[in-house]
Amino acid sequence: MLTEHQSGGRLVWVDLLNPTPAEIARACGDYQLDIPPREQLEEIELSSRLQYEDGAFTISVTVTLHGKNGNGGDVTSPLGFVFTKDLLVTIRFAQLQTFEAITKRVERHPRSAPDIFLVIIEALVDFGADRLEELRAEALKISQRIFHKEMQQMQKRNVSQVNRMLRDILVEIGDMSERVSHIRDTLLVLQRAAPFIMEHGDSWLEPEIKARLKVTMGDVQSLNDYQIHLTDKLQFLLDAD
């Protein structure tokens, strides 16, 4: 599905949701941009995720969806951006609550393509921060269960029950570590994307956009540092278990 968004009377954003190869090919012709298919967006090499050619950025990020699947694990999906000074094209393969809020913000007052791109990135950073806070709270609960003073008494009274509890905790820690790794994948690309955009878009990015990019770089670095701390915490709990 292709949705065009205008701002200030001109086309600034094209959103492609679950596009077919034919829709992508048609969009490439209509907007004179090289729009990558899903298999290209899923490539893991950083050189494939960050590209700049002929005044157009092509960026792909793996995002965690706003919800979980039926098995309790996170669901991830590629999110692609192709943008120039005048037009942003997003390529996604899942519904994201972020985009509903962004659409309303675009409708309220005029925004440029780089501005809309940055609004989306800022929303991804905020979502990553919320997820890390949730994981921190879960890790704290697990820590309290493992190191509770009654644990040793339980081990003496009912060894089998304690073993079952520890196996369950082991599964929980494994699930949490997987979720942290998904956040780490997103942060890695965002951490490299900001300076990449600053370097190649220096001649045409507005000063306000550059300033917001610098703030975003700082936020991403802070989250990356905290992610490392949380990973160490989970490893400690795993060793204790």
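Source: prediction; values computed, not measured. Positions within a chain are numbered from 1, following the residues in the order the chain's sequence is written. For a predicted model such as this one, the threshold for reporting local features is a pLDDT of at least 70, and the threshold for listing and counting side-chain atom pairs is 80 or more; totals across whole chains, interfaces and linings nevertheless cover every residue. No hydrogens and no water enter the side-chain calculation; it runs on all heavy atoms of the structure.

### A word on a negative patch on the surface
On the surface, a cluster of negative charge is contributed by Asp126, Asp130, Glu133 and Asp219. If one sorts the elements of the negative patch by residue count, helix H5 (residues 113–146) sits on top with three residues. Counting through the fold element by element, Asp130 comes out in helix H5. Residues qualify for a patch when their relative accessible area is over 30% and they have no salt bridge, like charges being joined within 9 Å and the nonpolar side chains of Val, Leu, Ile, Met, Phe, Trp and Tyr within 5 Å. The Shrake-Rupley method, run with a 1.4 Å probe sphere, supplies the accessible areas, and residue values consider only the shown protein chains as cover. The term salt bridge refers to a side-chain nitrogen of Lys or Arg lying within 4 Å of a carboxyl oxygen of Asp or Glu. When charges are counted, Lys and Arg are positive and Asp and Glu negative, with His and the chain ends excluded. For the purpose of locating charges, the reference atoms are NZ of Lys, CZ of Arg, CG of Asp and CD of Glu. Only DSSP runs of H or I reaching four residues or more are called helices, and only runs of E reaching two or more are called strands; each is numbered from the N terminus.

### Points about empty space enclosed by the protein
Computed over the protein atoms alone on a 1 Å grid, cavities are sets of points where a 1.4 Å probe fits but cannot get out and pockets are open sets with protein on both sides within 12 Å along at least five of seven lines; a residue lines them when it has an atom within 4 Å of a point. Grid points are joined across faces, edges and corners, and a volume is the space filled by probe spheres set on the points. Inspection of the entire model under this criterion finds two cavities of 30 Å³ or more. Quantified by volume, the largest cavity comes out at close to 120 Å³. Val63, Thr64, Leu124, Val125, Phe127, Gly128, Arg131, His182, Ile183, Thr186, Leu187 and Leu190 together form the lining of the largest cavity. Taken together, the elements giving at least two residues each to the lining of the largest cavity come down to strand S4 (56–68), H5 and helix H7 (159–200). In this structure, the second largest cavity occupies an estimated 70 Å³ of space. Among the elements of the structure, H5, H7 and helix H8 (207–240) are those that each provide at least two residues to the lining of the second largest cavity. The class makeup of the residues in the lining of the second largest cavity is nine nonpolar, one polar and no charged. Ten residue types, Ala, Val, Leu, Ile, Met, Phe, Trp, Tyr, Cys and Pro, are classed as nonpolar, four, Asp, Glu, Lys and Arg, as charged, and the remainder, Gly among them, as polar.

### Considering the confidence of the model for the protein chain
Parts of the model with low pLDDT should not have their predicted coordinates read in detail. For every residue, the predictor reports its confidence as pLDDT, a number between 0 and 100. On average, the protein chain scores 82 in pLDDT, and the residues at 70 or more come to 87%. Note on contacts: a residue pair is in contact if any heavy atoms of the two residues lie within 4.5 Å. Confidence over residues 68–72 falls short of pLDDT 50; this stretch has six contacts with residues more than four positions distant or in other chains.

### Description of helix H4 (residues 97–108)
Take the number of residues in a helix, subtract one, and multiply by 1.5 Å to get its expected span. Over its twelve residues, H4 extends 18 Å from the first C-alpha to the last, a length consistent with the 16 Å expected when each residue adds 1.5 Å. Buried within H4 are the following residues: Thr98, Phe99, Ile102, Thr103 and Val106. Projected down its long axis, H4 shows its buried positions confined to an angular sector of 135 degrees, all on one face. Relative to its buried face, H4 has exposed residues pointing more than 90 degrees away, namely Gln97, Glu100, Lys104, Glu107 and Arg108. Burial classes: relative accessible area under 20% of the type maximum marks a residue as buried, over 50% as exposed, and values in between as partly exposed (1.4 Å probe, protein chains only). By arc we mean the arc of the directions from the helix axis to the C-beta atoms, nothing more.

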